[in-house]
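Fold and geometry: a report
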Amino acid sequence: MGDVHYAFGIDIGGTNTKIGFFDQNGTLLAFHHIPTDKNIPANLFVEKIAQESFALVSSYGIKKGDHRLNGVGAGAPMANFYTGVVSEAPNLGWKNVPLKNLFTEHFGVPSVIENDANLAAVGEKRWGAGKNLSDFILITLGTGVGAGLIMRNKLYRGHDGLGAEGGHVLIPHEKKRLCSCGGMNHLESFLSAKGIKQTIHELTGEDWTIEKLGTLYHEGNQRAKTIINTISEELATGLTSMAVMFGPEAFVIGGGVSKLGDSFNTVIEEKLNQLVHFSLKGKIKVISATVSSDKGAVFGGAALIFEELKK
Ligand SMILES: [Zn+2]
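This text gives an overview of the structure that appears in the document. (Residues numbered from 1 in each chain as written. Predicted model: local features only at pLDDT ≥ 70, side-chain atom pairs only at ≥ 80, totals over all residues. Heavy atoms only, no water.)

**Observations regarding the sheet that holds strand β9 (residues 145-151)**
The condition that has to hold: The rule for pairing is simple: two strands pair if DSSP sees at least two bridges between them. Strands here mean DSSP runs of E at least two residues long; helices mean DSSP runs of H or I at least four residues long; both are numbered from the N terminus. Helix axes are fitted only over the stretch in contact, all axes being lines through C-alpha atoms; the angle between N-to-C directions runs from 0 to 180 degrees. Should any heavy atoms of two residues lie within 4.5 Å, those residues are considered in contact.
Strand order in this open sheet of five strands is β10-β9-β8-β11-β12, and the pairing throughout is mixed. If you trace the sheet from one side to the other, it starts and ends with β10 (154-156) and β12 (285-288), each paired once. Adjacent strand axes in the sheet meet at a mean angle of 30°, parallel and antiparallel pairs treated alike. Examined bridge by bridge, strand β8 (residues 136-141) and β9 share six bridges and lie antiparallel to one another. Paired with isoleucine 137 across the two strands is leucine 149, which belongs to β9. Across the sheet, helix α7 (residues 222-246) touches β8, β9 and β11 (250-254), and the angle it forms with β8 is around 155°.

**Focus: the sheet that holds strand β2 (residues 16-23)**
Ordered in space as β3-β2-β1-β4-β7, the five strands form an open sheet in which the pairing is mixed. Of all strands in the sheet, those with a lone pairing partner are β3 (28-35) and β7 (111-115), marking the two edges. Shown here is a sheet whose adjacent strand axes are inclined to one another by a mean of 15°, direction ignored. Pairing geometry for β2 and β3, over seven bridges, is antiparallel. Each bridged residue has a counterpart across the sheet, and for glycine 20 the counterpart in β3 is phenylalanine 31. The sheet contacts of helix α1 (residues 42-56) involve β1 (6-12), β2, β3 and β4 (69-76), and relative to β3 the element is tilted by about 145°. Lying on the sheet, helix α2 (residues 99-107) is in contact with β1, β4 and β7; it crosses β7 at an angle near 145°.

**Notes on the pattern of salt bridges**
Close approach of charged atoms allows side chains of opposite charge to pair. Here is the rule we go by: Basic side-chain nitrogens of Lys or Arg form a salt bridge, by our definition, when they fall within 4 Å of a carboxyl oxygen of Asp or Glu. Between buried and exposed lies partly exposed: a residue is buried under 20% and exposed over 50% of the maximum accessible area for its type, with that area taken using a 1.4 Å probe on protein chains only.
This model, assessed by the stated rule, comprises nine salt bridges. Residue lysine 48 pairs with aspartate 37 through a salt bridge whose shortest N-O separation is 4.0 Å. With lysine 48 in helix α1 and aspartate 37 in the loop between β3 and α1, this pair connects stretches of sequence that are eleven residues apart. Note on aspartate 37: relative accessible area 22%, which makes it partly exposed. A salt bridge links arginine 68 to aspartate 66; its shortest N-O distance comes to 3.0 Å.

Function cannot be inferred from these measures alone, as they are strictly geometric.
Structure representation (C-alpha cells):
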C-alpha cells in the first residue's frame, strides 16, 4: 500500500466559500464552509481560507507545506487556469487578483485555479453525475449562472481559458434585465438567485425565497407552477443555444437553485425539447448534479489536482 495523498478543493462563491479535504479516491474526509468576505482584500481572504482549512484537518496532522498534501484546487468566478489570475469578478468585487499565487503562498503547496463552473464539471466527470457521459454541459445556478463544458471526456476551456461562459448567452425577451456583467438580457439576468427572486416579485408582488418557491411548487401551488414554468422556459432558451453548438448528451444542473429537484429538471427538459432544433429533439437529458449539487466545485478542485500531478 502506497502513501495516502490528500488535496484541498475550494470553491469561492458569491455568498459562501466551501472547503473540502479529500484523499486521492475522491473521498470527502472533511468539509466546511465560511461566508465569502468581500470587504477584505483577496490576499487576506485567502489567508483566512488557509487558516480555516488547516484547522479543519488538524486531526490528520496536516500543516502548511505538508508533503502528503498534493495541492489545492480552487474555483472562483472568472478564475483563469492558464494565467492563474481572476481578471474581474463582479460577484466578488475582485479585479486582477493573482489567485493561484495566493493559494500557493498561504498553503505552501502547488495550486491550480479554475472557473468555478468548469471545476464543478470536472468533479461531476470524475466522481459524479457525468462519470459515464463523454459530452455534457454542467450548469450552475447560484448567485451567478455558470457553465462547464466536457467535450470528449475533457474540460473545454476555450483558447485563453475563458470559454464556456454559458451564464452570459443572450436570452431574447420582452423584458429588459441588466446582467451582473453589465450586459443586457443574459441568462444570468433571469436565472441567478437574484433574477429568479425578481421574477417571483413581478409575478406575485411578493418576496419569496427560492426554498419557499420549491416548497409551494411541490405542494401544487398554482402561482409557484407559473413561476417554475417561466424560469424553466428562460433557462431552456439559453440551453437551446448551447445545445445546437455542442450536441451534448446531457445538461447537468447544479448550484443552490438546482435544489428545486428532479421535477424542475423534467420541466426544463420538456421546454428544451420544444425549443431545440429537430435534430436534437428527445436526445438531451436534463439531470441533477450529484457531487457538486451542494458541495459546489470542491470535488472538481481535488480532481484537478490529482489529474494535473499525473502529467
Ligand atoms: Zn452577463
